[in-house]
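One-letter residues, chain by chain:
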Amino acid sequence: MLNAATHYRLDYNDLSLILALVRGATLARAAALLRVDVSTVFRAVRRLEAALGQTLFEKSRAGYLPTSLASHLAQQAERAEQALEAARIGVEQGGEVISGTVRLTCTDSVLQGLLLPALAQFMPDYPALTLELSTSNDFANLSRRDADIALRLTKTPPEHLVGRCLGSVTYRVCASADFARRHAGRDLADLAWIAPDDFLPDHPTVAWRRAHLPGVRPSYRCNSMLSVTELVRAGLGVAALPDFLLGGDLQPLGPVLAGHDTALWLLTRPDCRALRSVVTLFDELGKHLRLPGR
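Residues numbered from 1 in each chain as written. Predicted model: local features only at pLDDT ≥ 70, side-chain atom pairs only at ≥ 80, totals over all residues. Heavy atoms only, no water.

S.K.: Looking at this structure, I do not really get the pattern of salt bridges. What am I missing?
M.R.: When their charged atoms lie close together, side chains carrying opposite charge are able to pair. Evaluation of the coordinates by the stated rule reveals 10 salt bridges. Between Asp-148 and Arg-269 there is a salt bridge whose closest N-O contact spans 3.7 Å. Linking Asp-148 in the loop between helix H6 (140-143) and strand E5 (149-153) with Arg-269 in the loop between strand E12 (262-268) and helix H10 (276-288), this pair joins segments that are 121 residues apart in sequence. According to the relative accessible area criterion, Arg-269 is buried, its value standing at 8%. For Glu-230, the salt bridge goes to Arg-233, with nearest N and O atoms at 3.7 Å. Of the two residues, Glu-230 and Arg-233 both sit in helix H9 (residues 225-233), 3 residues apart, roughly one turn of that helix. Overall, Arg-233 belongs to the partly exposed group, its relative accessible area being 29%. Three or more residues are tied together by salt bridges with common partners; here these are Arg-103, Asp-148, Arg-269 and Asp-271. (Salt bridge = Lys/Arg side-chain N within 4 Å of Asp/Glu carboxyl O. Helix = DSSP H or I, 4+ residues; strand = E, 2+ residues; numbered from the N terminus. Buried < 20%, exposed > 50% of the residue type's maximum accessible area, 1.4 Å probe, protein only.)

S.K.: Can you help me understand the nonpolar core in this one?
M.R.: The nonpolar side chains of a soluble globular protein tend to be buried with one another. Core analysis: the biggest nonpolar cluster contains 43 residues, and Leu-115, Ile-149, Leu-151, Leu-264, Leu-281 and Leu-285 have the highest contact counts within it. For this core, the elements supplying multiple residues, two or more each, are strand E3 (100-106), helix H5 (108-122), E5, strand E6 (162-169), strand E7 (171-176), helix H7 (177-182), E12 and H10. Counting contributing residues, this core receives three or more from each of domain 2 (97-166 + 261-286) and domain 3 (170-259). (Core = buried A, V, L, I, M, F, W, Y, C linked by side-chain atoms within 4.5 Å. Domains from an automatic or database assignment.)

S.K.: How do you make sense of unusual backbone geometry when you look at a structure like this?
M.R.: Apart from glycine, the bulk of residues carry a negative phi angle, and the bulk of peptide bonds sit in the trans form. Phi is positive for Ala-25, which is not a glycine, with a value near 70°. With respect to the helices, strands and loops of the structure, Ala-25 is situated in the loop between helix H1 (12-24) and helix H2 (27-34). Although it is not a glycine, Arg-35 sits at a positive phi angle of roughly 60°. Locating Arg-35 in the fold gives a position in the loop between H2 and helix H3 (38-52). What makes Arg-35 exposed here is its relative accessible area of 78%.

S.K.: What should I look at first to understand H10 in this one?
M.R.: Within an α-helix, residues lying three or four positions from one another point in the same direction, as the helix has 3.6 residues per turn. Look at H10: 18 Å from first C-alpha to last across 13 residues, which is about the 18 Å you get at 1.5 Å a residue. Buried residues of H10: Ser-277, Val-278, Thr-280, Leu-281, Phe-282, Glu-284, Leu-285, Gly-286 and His-288, and no others. (Expected span 1.5 Å × (residues − 1).)

S.K.: Whenever I open this one, H2 confuses me. Can you help?
M.R.: Of all the positions in H2, only Leu-27, Ala-30 and Ala-31 are classed as buried. Mapping the buried residues of H2 onto a view down its axis gives an arc of 100°, with all of them on the same face. Among the exposed residues of H2, those oriented more than 90 degrees off its buried face are Ala-32 and Leu-33. If you follow the buried residues of H2, they end up packed against H1, H3 and strand E2 (63-66). Once H2 finishes, Arg-35 follows within two positions and takes phi at roughly 60°, a positive value. (Arc of directions from axis to C-beta. Contact = heavy atoms within 4.5 Å.)

S.K.: What should I look at first to understand the pairing of strand E10 (residues 239-242) in this one?
M.R.: If a strand is regular, its side chains alternate between the two faces of the sheet. The alternating pattern of E10 places Ala-239 and Leu-241 and Ala-240 and Pro-242 on opposite faces, both of which are buried. As paired elements, E7 and E10 share 4 bridges and run antiparallel to each other. If you follow Tyr-171 over to E10, its bridge partner there is Pro-242. (Pairing = 2+ DSSP bridges.)

Quick look at the structure:
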């Protein structure tokens, strides 16, 4: 990389220095990452800023804050780091490897109940592939290009995305084994209910409860289905839960909620289909994500 003002040529060591200080935020942590002493890092940063004729870091009480230039160079350094690691793995394995960073978004319940078991099966086969995970309940981050792949529970995925339906997801009213035993024989309407709050106003479980138990007012409201599940598991009440979160001491109190199922969709943007890293992860998820009963 050539700086027009100084004609100084950045090399990999320069990028490694910048990346270490961005990651560490202090000279001491950067020195530990680089396995050198603090004074070496301090002098190297001063020399590099002088050579570039630009400030890379601002000193503050919080540590060394990167300028926009340093942040940009740190991103380039991460790509170089990943490329070097992919090259090393390729040499060790004797062939080309899938490398790069893929950003995936899903709900916390899908992450816990479906995604993590799937990743454990195939991600060790892709040591040069980096996966960035975020949990969200909407499609906005994929639409804004903040993510490459989304796993979503819906019957109507956005038309501008492409993907495949991995199967249907059903719901049942459940309780912990202890709660079910203590409240055996009582009507569902008389039990303490746990439900998602207004973050999911049209959730299938909310629609079912309003239609079949209109007089019920939940005793607990949570901002995620995973939190709803954990409160049920703790014996605080009953809730309608997706089948992929059942197990352990959770006990169904009745049949599947007929007519209130949904579907699990694996989605990506059309422009991502040209990226080997995204296509590889997409295909592996399609093979290894397993819904109950499939």
